[in-house]
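Tertiary structure, described
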Amino acid sequence: MQTKKNILMEYNFSEIEEKWRRYWRENQIYHVKEDETKDKFYVLDMFPYPSGAGLHVGHPLGYIASDIYARFKRLKGYNVLHPMGYDSFGLPTEQYAIQTGIHPEVATKDNTERYRKQLDQIGFSYDWSREVQTSDPYYYKWTQWIFKQLFNSYYCRKEDKAKPILDLISFFEKKGNINSQAVCDEETSLFTESDWKSFNEKEKEDILQKYRLAFLSETWVNWCEGLGTVLANDEIKDGLSERGGFPVEQKLMKQWSLRITAYADRLISGLETLDWSDSIKEIQKNWIGRSNGVSVRFNLQNSDKTIDVFTTRPDTIFGVNFIVLAPEHELIDVITTEDQKQNVVEYVNNTKLKSERERQADKSISGVFTGAYAIHPFTKEKVQIWIGEYVLATYGTGAVMAVPCGDQRDWDFATHFGLDIINIFENIDVSEKANQEKDVVIVNSGFLNGLKAKKAINLAIHKIEEEGIGRAKTNYRLRDAIFSRQRYWGEPFPVYYKGDTAYVLDDDKQVTLPQVDKYLPTSKGDPPLARARKEDWNVFQGDRMETNVMPGWAGSSWYFLRYMDPKNDAEFCAKEKSDYWGQVDLYIGGSEHAVGHLLYSRFWTKFLFDRGFIGFDEPFKKMINQGMILGRSNFVYRIKDTNTFVSADMRAGYKTTRLHVDINFVDNDILDINAFKKWREEYANAEFILNNEGEYLCGSEIEKMSKSKYNVQTPEKLVEKFGADTLRLYEMFLGPLEQFKPWDTKGINGVHNFLRKFWRLIHDSDNNFVVSEKKPTKQSYKTLHKTIKKVEEEIERYSFNTVVSSFMICVNELSEQKCNSREIISSFTILLSSYAPHIAEEIWQKLGNDTSVTIAEFPSFNESYLVEDDVNYPVSFNGKVRFKMTLPAEMTKNQIEQEVMKHEKTAHYLDGKSAKKIIVVPKRIINIVI
RNA sequence: GCCCGGAUGGUGGAAUUGGUAGACACGUUGGACUUAAAAUCCAAUGGACAGUAAUGUCCGUGCGGGUUCAAGUCCCGCUCCGGGUACCA
């Protein structure tokens, strides 16, 4: 037991930390304003979704790192924007509302308050006056506003940017759409200016929908019955919804979409300007999936219809002897012959029954012949038309020209159905597998004979275009983003309908979420908002209001802009504010948002830039993805069909079931049996087979932290036991920020001891603060300046863990030197303040300062303190270090060589032989080659 | 399959451009203080071998080669682990 006196005499972190948190709050220390006299720096965290579970120790990892960086930049004289908010629309809150009837707004308020409390405890330097919440009507008013701008814009290919839709309308009025360079749906029909003038309002709007960047369209969507909503591609993993893991199927529905595909090229090229990890850039590139090729038209036999196929290998076109259509292809009904009709209908219906997941999982080859033939554009031979599941309706044209000798999938298909394989490669055997190598000479291919792929591709494209049977085309894997969700807890659309035609509200009007009786779809299957009566809507125009809501990523696509001007009631963000703060200079968050949030916010930023609302077209200049902190789970082993648990080291020979056990009952893998028995009723009478030490040993594994695994470590407990400064230091000390690492509290004492050691350095045995006014020794200056250099360099390269070591080394050395000089301690306190702000403020005050250490000046590094008179050289023989010798630093290479050869040990290691060569690297090493 | 990471003591990790591998911590062991414990302080701590000892020798950064006076670091070929992605024509 510690005595009361002991506690008072030591570093009393809980009192200190509370005191300074109050001080920061009351004096608005972290409040920040635009200041033209200073350089700006914008440090941002990915804002959290405030879930009911609260924060665990993994969440603050990135926040601590960004906070350290923000504090460091402030000390270096920058005007730092470092805000925080909540991504507060989302499914879990809504599911909770469905179960409990509690309005999501109420649950959100509770959750954000808990988050705030937890965040405050860690001592972050956020300017909370700039807080945003995506579910706040004052915020989503502007999310709706951006939607309106998207609705009222189109993408101009010529200028390669978004422009007002009014420009397009006046173009149509003058010239129709025949020479229009605007991005639009593939199947948009052509019209002249007089056609346009003859269209009525609905017809005009239907056409404009094919051009608007936010538009309604009847498309195949990913319908998730379990969630009762459609999902975007990035919300699906392995054919299941990312949230909840429910099956997803294809359904034809009228939905809002955003024309992100118009930005595909710029989203790829923009990556070059970003300081992001290669892996995230790579993921985005793959997701966009640009491939250059050509679309080729095949005429049909006995029909005036044609089939377009997309290929990246037109050089292999002479290897084509059949075509394969996706089961959803629109021509199937038209071309199938009578005698094949039954087979085809059966096959198509079967594949439709399968879910997306089943179709992905099933790699077996299936298909059916339509009975129809196309004509090869060059050889004029008959080409069979098949239907196959391996062809995707949503990619390219939904049809492929099959080249069995050159594509493994086509080869597999041909082999399975006994179709011919034409070989067009010189000296290549295609009887076992297809040849996908490009460095091969092409034969049997008319005008392409004797060429290799690179030249043949260009020639083939040229010829295809010349003959008018196709044109070069770039295809993208990226689809337009489905922007409607059939849910309640999201942004309502600022949209109303007259008949089937959608209109956006005037700029001065916004829709707020109406009250509904239940958060469930209606009996007709309409979204929850359809439950609202006319009088429940704050705005009601036309025949009906839009009842879909926006997806979770709407609000998070622009939140970093709102932080710059959070209270602005007239604009989403004043231009002069966004001009001042500019891009986010450092963005820290998880890599799980690689294709969702990070792609959409780049898209919105580019759009807002195009329309002149902001002055930059990439949101996040530098990004770091922090690694996940994993939990350590513990297990007990229940013998099958009994209520007896066997110790992990005794379980051989038993059939057992492994069960997660709450880590709070386990210390050093030893189970507290009494606590375990009390945990659940069913365990009250459990029996235990103990090991030879009479203990119950648990098994363990490193896993993701989750409630269901009972391995969650919360920051509260650690803050209570060790203080926030210790927690901050420890999370950084664990290892490199980007790395995945298991959470283990074993080492936390080490960092805590470091703070206590620092405290003791400047307090006497009665806990009185004592610093010396004497001039520090040369050695102490060296210690300090070594630390200044290291701290500055390491923080600049985001190596947060090694800085903690430098702090420790510094305090260790100062303790050894018994140095408590005011000058040294003052500088060190500033260095420490970005990591451990509470204790730094306390010491700073004790040193006699009456302003916060957060506005101190980072100590400047002076090289001259590190200059050594002597160098301790390692002397190696054939690369092996044998002894060391200290020599004056200013000695020349020749002098060093002479000194080394004179050394008594040199003769011993030369062992009678002569030195072939002596390598001297000044201030580093001496190597003697024998 | 393809694309990105990674592999260093009992543990987390350090070594920025090739130049003293294992900083800093944790853990372990021994010692001091104490009636005792906690806390604190001191010392040792990659492995093997030799020696009473000071010390010395050899081996050591996943494995096998190579470049170099010198390789954890660079090059070639593998193994294992983690992440992403997939009938994308």
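Anything mentioned here points back to the structure above.
These figures come from a predicted structure and were not determined experimentally.

1. Points about the side chain of His376
- Residue position: His376 is located in the loop between strand E13 (367-375) and strand E14 (382-388).
- Reaching out from His376, the side chain makes a polar contact with the backbone nitrogen of Phe378 at a distance of 3.1 Å.

2. With respect to the sheet that holds strand E5 (residues 214-224)
- Spatially, four strands are ordered E6-E5-E9-E17 in an open sheet, and the strand pairing comes out antiparallel. One side of each edge strand has no neighbouring strand; the edge strands of this open sheet are strand E6 (229-231) and strand E17 (481-482).
- Bridge count between E5 and E6: three bridges; the pairing is antiparallel. From the neighbouring strand, Cys224 faces E6, where its bridge partner is Thr229.

3. Points about the protein's contact with RNA strand B
- Around RNA strand B lies a shell of 49 residues, among which Thr312, Tyr395, Arg409, Gln739 and Asn812 are the nearest.
- In RNA strand B, atoms within 4 Å of the protein come 65% from sugar and phosphate.
- Between RNA strand B and Arg760, the relevant distance is 2.8 Å, taken from a phosphate oxygen to a side-chain nitrogen or oxygen of the residue.
- Contacts to RNA strand B include Asn812, whose side-chain N or O atom sits 2.6 Å from a phosphate oxygen.
- Here the surface near RNA strand B gets six residues from one element, more than from any other, and that element is helix H26 (residues 800-816).
- A class-by-class count of the residues in the surface near RNA strand B yields 19 nonpolar, 14 polar and 16 charged.

4. Examining the pattern of salt bridges
- Inspection of the entire model under this criterion finds 37 salt bridges.
- In this structure, Asp275 and Lys622 form a salt bridge, with 3.6 Å as the shortest nitrogen-oxygen distance. Of the two residues, Asp275 sits in the loop between helix H10 (264-269) and helix H11 (278-288) while Lys622 sits in the loop between helix H20 (597-610) and strand E22 (623-625), which places them 347 residues apart along the sequence.
- A residue is classified by how much of its surface remains accessible, and Asp275, at 42% relative accessible area, is partly exposed.

5. With respect to the environment of Ala264
- If you trace the backbone, Ala264 turns up in helix H10.
- Measuring from C-alpha to C-alpha, the distance between Ala264 and Tyr476 comes to 7.7 Å, with 212 residues separating the pair along the chain.
- For Ala264, the residues in contact, after removing those within four places along its chain, are Ile288, Tyr476 and Leu478.

6. Quick look at helix H3 (residues 60-75)
- If you check H3, its first and last C-alpha atoms are 22 Å apart, about what 16 residues at 1.5 Å a residue would give, namely 22 Å.
- The buried fraction of H3 amounts to 16 of the 16 residues, a majority that puts the element mostly inside the structure.
- Taken from the residues just after H3, Gly77 is the one with a positive phi, measuring 95 degrees.

What counts, and where the lines are drawn
- Residues numbered from 1 in each chain as written.
- Chains lettered and ligands numbered in written order.
- Predicted model: local features only at pLDDT ≥ 70, side-chain atom pairs only at ≥ 80, totals over all residues.
- Heavy atoms only, no water.
- Helix = DSSP H or I, 4+ residues; strand = E, 2+ residues; numbered from the N terminus.
- Polar contact = N/O pair within 3.5 Å; in protein donor to acceptor, adjacent residues only side chain to side chain.
- Pairing = 2+ DSSP bridges.
- Near = heavy atom within 4 Å.
- Nonpolar A, V, L, I, M, F, W, Y, C, P; charged D, E, K, R; others polar.
- Salt bridge = Lys/Arg side-chain N within 4 Å of Asp/Glu carboxyl O.
- Buried < 20%, exposed > 50% of the residue type's maximum accessible area, 1.4 Å probe, protein only.
- Contact = heavy atoms within 4.5 Å.
- Expected span 1.5 Å × (residues − 1).

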